[in-house]
Amino acid sequence: MKDCVFCRIVAGAAPATKVYEDETLCAFLDIRPIVRGHTLVIPKRHATELEDLDAELGAHIFRAGHRLALAIRRSSLAANGANLVLNDGTAAFQTVPHVHLHVIPRRKGDRLSFATGLVLRRPHDPESTAAAIRAGIAALDAD
Ligand SMILES: [Zn+2]
(Lines give C-alpha, C1' and ligand atoms only; values in the text may rest on other atoms or scores of the structure.)
Protein backbone atom coordinates (compact mmCIF):
# COMPACT_ATOMS: atom_id res chain seq x y z
CA MET A 1 0.00 0.00 0.00
CA LYS A 2 1.53 3.25 -1.21
CA ASP A 3 0.92 5.55 1.74
CA CYS A 4 1.65 2.98 4.45
CA VAL A 5 4.81 3.76 6.42
CA PHE A 6 5.46 0.06 7.18
CA CYS A 7 5.10 -0.86 3.48
CA ARG A 8 7.58 1.93 2.76
CA ILE A 9 10.00 0.36 5.28
CA VAL A 10 9.57 -3.06 3.61
CA ALA A 11 10.31 -1.45 0.23
CA GLY A 12 13.39 0.31 1.63
CA ALA A 13 11.76 3.69 0.96
CA ALA A 14 11.61 4.67 4.63
CA PRO A 15 14.41 4.21 7.15
CA ALA A 16 14.32 1.49 9.79
CA THR A 17 16.86 -0.41 11.83
CA LYS A 18 16.10 -3.98 10.80
CA VAL A 19 17.06 -6.86 13.07
CA TYR A 20 15.64 -9.79 11.08
CA GLU A 21 13.80 -10.55 7.85
CA ASP A 22 12.78 -13.44 5.64
CA GLU A 23 10.63 -13.74 2.49
CA THR A 24 7.35 -12.95 4.25
CA LEU A 25 8.12 -10.82 7.32
CA CYS A 26 10.49 -8.29 8.69
CA ALA A 27 11.45 -7.14 12.20
CA PHE A 28 12.84 -3.72 13.04
CA LEU A 29 13.26 -1.43 16.04
CA ASP A 30 10.28 0.71 16.97
CA ILE A 31 11.28 4.32 16.25
CA ARG A 32 9.44 5.35 19.44
CA PRO A 33 10.50 2.54 21.79
CA ILE A 34 8.95 2.09 25.21
CA VAL A 35 12.20 0.42 26.32
CA ARG A 36 15.51 -0.33 24.64
CA GLY A 37 15.12 -3.24 22.21
CA HIS A 38 11.39 -2.66 21.54
CA THR A 39 10.96 -4.43 18.20
CA LEU A 40 8.09 -4.74 15.72
CA VAL A 41 7.43 -7.81 13.56
CA ILE A 42 5.33 -7.13 10.45
CA PRO A 43 4.15 -9.04 7.39
CA LYS A 44 5.85 -7.79 4.22
CA ARG A 45 2.55 -7.90 2.34
CA HIS A 46 0.20 -5.17 3.55
CA ALA A 47 -2.55 -6.26 5.94
CA THR A 48 -4.35 -3.48 7.79
CA GLU A 49 -5.80 -5.63 10.55
CA LEU A 50 -5.95 -9.31 11.55
CA GLU A 51 -9.10 -9.52 9.41
CA ASP A 52 -6.85 -9.07 6.36
CA LEU A 53 -3.99 -11.32 7.50
CA ASP A 54 -3.48 -14.91 6.34
CA ALA A 55 -3.66 -17.13 9.45
CA GLU A 56 -0.49 -19.07 8.55
CA LEU A 57 1.41 -15.81 8.14
CA GLY A 58 0.01 -14.69 11.51
CA ALA A 59 1.39 -17.87 13.09
CA HIS A 60 4.74 -17.25 11.36
CA ILE A 61 4.81 -13.69 12.74
CA PHE A 62 4.18 -15.01 16.25
CA ARG A 63 6.94 -17.62 15.84
CA ALA A 64 9.32 -14.80 14.83
CA GLY A 65 8.25 -12.75 17.87
CA HIS A 66 8.77 -15.79 20.11
CA ARG A 67 12.24 -16.26 18.67
CA LEU A 68 13.10 -12.56 19.04
CA ALA A 69 12.01 -12.65 22.69
CA LEU A 70 14.42 -15.56 23.26
CA ALA A 71 17.17 -13.80 21.29
CA ILE A 72 16.75 -10.64 23.36
CA ARG A 73 17.09 -12.70 26.56
CA ARG A 74 20.38 -14.08 25.23
CA SER A 75 21.60 -10.65 24.10
CA SER A 76 23.55 -8.03 26.02
CA LEU A 77 20.23 -6.22 26.59
CA ALA A 78 19.88 -8.68 29.50
CA ALA A 79 16.10 -8.97 29.43
CA ASN A 80 14.45 -11.44 31.80
CA GLY A 81 11.18 -11.45 29.92
CA ALA A 82 9.09 -9.79 27.22
CA ASN A 83 5.63 -8.53 26.42
CA LEU A 84 4.41 -9.75 23.02
CA VAL A 85 1.49 -7.52 22.12
CA LEU A 86 -0.63 -7.13 19.01
CA ASN A 87 -3.18 -4.30 19.02
CA ASP A 88 -5.80 -5.20 16.40
CA GLY A 89 -7.84 -2.23 15.21
CA THR A 90 -8.13 1.37 16.32
CA ALA A 91 -10.52 0.26 19.09
CA ALA A 92 -7.52 -1.64 20.51
CA PHE A 93 -5.13 1.34 20.11
CA GLN A 94 -3.54 0.13 16.87
CA THR A 95 -1.74 3.28 15.72
CA VAL A 96 -0.20 2.20 12.39
CA PRO A 97 -2.71 0.59 10.00
CA HIS A 98 -0.44 -2.35 9.06
CA VAL A 99 -0.48 -5.41 11.35
CA HIS A 100 2.47 -5.43 13.76
CA LEU A 101 3.49 -7.54 16.73
CA HIS A 102 5.32 -5.67 19.48
CA VAL A 103 8.18 -7.50 21.21
CA ILE A 104 8.96 -5.44 24.30
CA PRO A 105 11.91 -6.60 26.42
CA ARG A 106 11.30 -6.58 30.18
CA ARG A 107 13.67 -6.70 33.11
CA LYS A 108 12.85 -7.58 36.69
CA GLY A 109 11.95 -4.39 38.56
CA ASP A 110 11.75 -2.23 35.39
CA ARG A 111 8.27 -0.92 36.11
CA LEU A 112 9.47 2.66 36.50
CA SER A 113 11.52 2.77 33.27
CA PHE A 114 8.64 1.03 31.46
CA ALA A 115 6.16 3.64 32.72
CA THR A 116 8.53 6.47 31.80
CA GLY A 117 9.08 4.90 28.36
CA LEU A 118 5.35 4.89 27.69
CA VAL A 119 5.47 8.68 27.96
CA LEU A 120 8.89 9.51 26.47
CA ARG A 121 9.32 6.79 23.82
CA ARG A 122 12.72 7.92 22.62
CA PRO A 123 15.32 5.93 20.69
CA HIS A 124 18.20 4.32 22.60
CA ASP A 125 21.19 4.09 20.27
CA PRO A 126 19.41 2.02 17.59
CA GLU A 127 22.56 0.69 15.87
CA SER A 128 24.07 -0.87 19.01
CA THR A 129 20.64 -2.08 20.13
CA ALA A 130 20.03 -3.82 16.79
CA ALA A 131 23.56 -5.28 16.88
CA ALA A 132 22.86 -6.71 20.35
CA ILE A 133 19.62 -8.34 19.16
CA ARG A 134 21.29 -9.76 16.03
CA ALA A 135 24.00 -11.22 18.30
CA GLY A 136 21.22 -12.76 20.42
CA ILE A 137 19.74 -14.35 17.26
CA ALA A 138 23.19 -15.70 16.37
CA ALA A 139 23.51 -17.12 19.91
CA LEU A 140 20.13 -18.87 19.46
CA ASP A 141 21.23 -20.28 16.10
CA ALA A 142 24.38 -21.65 17.80
CA ASP A 143 22.36 -23.50 20.51
ZN1 LIG B 1 1.43 -1.50 4.84
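In this text, all values refer to a predicted model and were calculated from it rather than measured experimentally.

Draft legend 1. Fine view of the nonpolar core. A27, F28, V41, L68 and I72 are the most contacted members of the largest nonpolar core, which has 32 residues in total. At the level of elements, α1 (5-10), β2 (25-29), β3 (39-43), α2 (55-74), β5 (101-106) and α4 (126-142) are the ones that each hand at least two residues to this core. A total of 6 residues in this core trace back to one element, the largest contributor, which is α2. Ignoring anything within four residues of it in the chain, the contact list for L68 reads Y20, A27, T39, V41 and V103.

Draft legend 2. Spatial organisation of the packing of α2 against α4. Running from amino to carboxyl end, α2 crosses α4 at an angle of 100°, the nearest separation of the two axes being 7 Å. One element, α2, and the other, α4, form an angle in the roughly perpendicular class. Of the residues in α4, those touching α2 at R67, L70, A71, I72 and R74 are I133, G136, I137, A139 and L140. Classifying every residue of the contact of α2 with α4 by side-chain character gives 7 nonpolar, 1 polar and 2 charged.

Draft legend 3. Here's a closer look at the environment of A115. Position of A115 among the secondary structure elements: in helix α3 (residues 111-120). A tally of 11 C-beta atoms within 10 Å means that A115 is categorised as exposed. The spatial distance from the C-alpha of A115 to the C-alpha of E51 is 31 Å, given a sequence separation of 64 residues.

Draft legend 4. Molecular detail of α2. Across its 20 residues, α2 extends 29 Å between first and last C-alpha, which sits within 8% of the 28 Å expected from 1.5 Å per residue. Every buried residue of α2 is accounted for by I61, A64, G65, L68, A69, A71 and I72. Taken around the axis of α2, the buried residues stretch over an arc of 165°, which confines them to a single face. For α2, the exposed residues lying more than 90 degrees away from the buried face are A55, E56, A59 and R63. On its buried face, α2 sits against β1 (18-21), β2, β3, β4 (81-85), β5 and α4.

Rules of the game
- Residues numbered from 1 in each chain as written.
- Predicted model: local features only at pLDDT ≥ 70, side-chain atom pairs only at ≥ 80, totals over all residues.
- Core = buried A, V, L, I, M, F, W, Y, C linked by C-beta atoms within 7 Å.
- Buried ≥ 20, exposed ≤ 12 C-beta atoms within 10 Å, placed from the backbone.
- Helix = DSSP H or I, 4+ residues; strand = E, 2+ residues; numbered from the N terminus.
- Contact = placed C-beta atoms within 7 Å.
- Axes fitted to C-alpha atoms, helices over the stretch in contact; angles between N-to-C directions.
- Parallel < 35°, antiparallel > 145°, perpendicular 65-115°, else oblique.
- Nonpolar A, V, L, I, M, F, W, Y, C, P; charged D, E, K, R; others polar.
- Expected span 1.5 Å × (residues − 1).
- Arc of directions from axis to C-beta.

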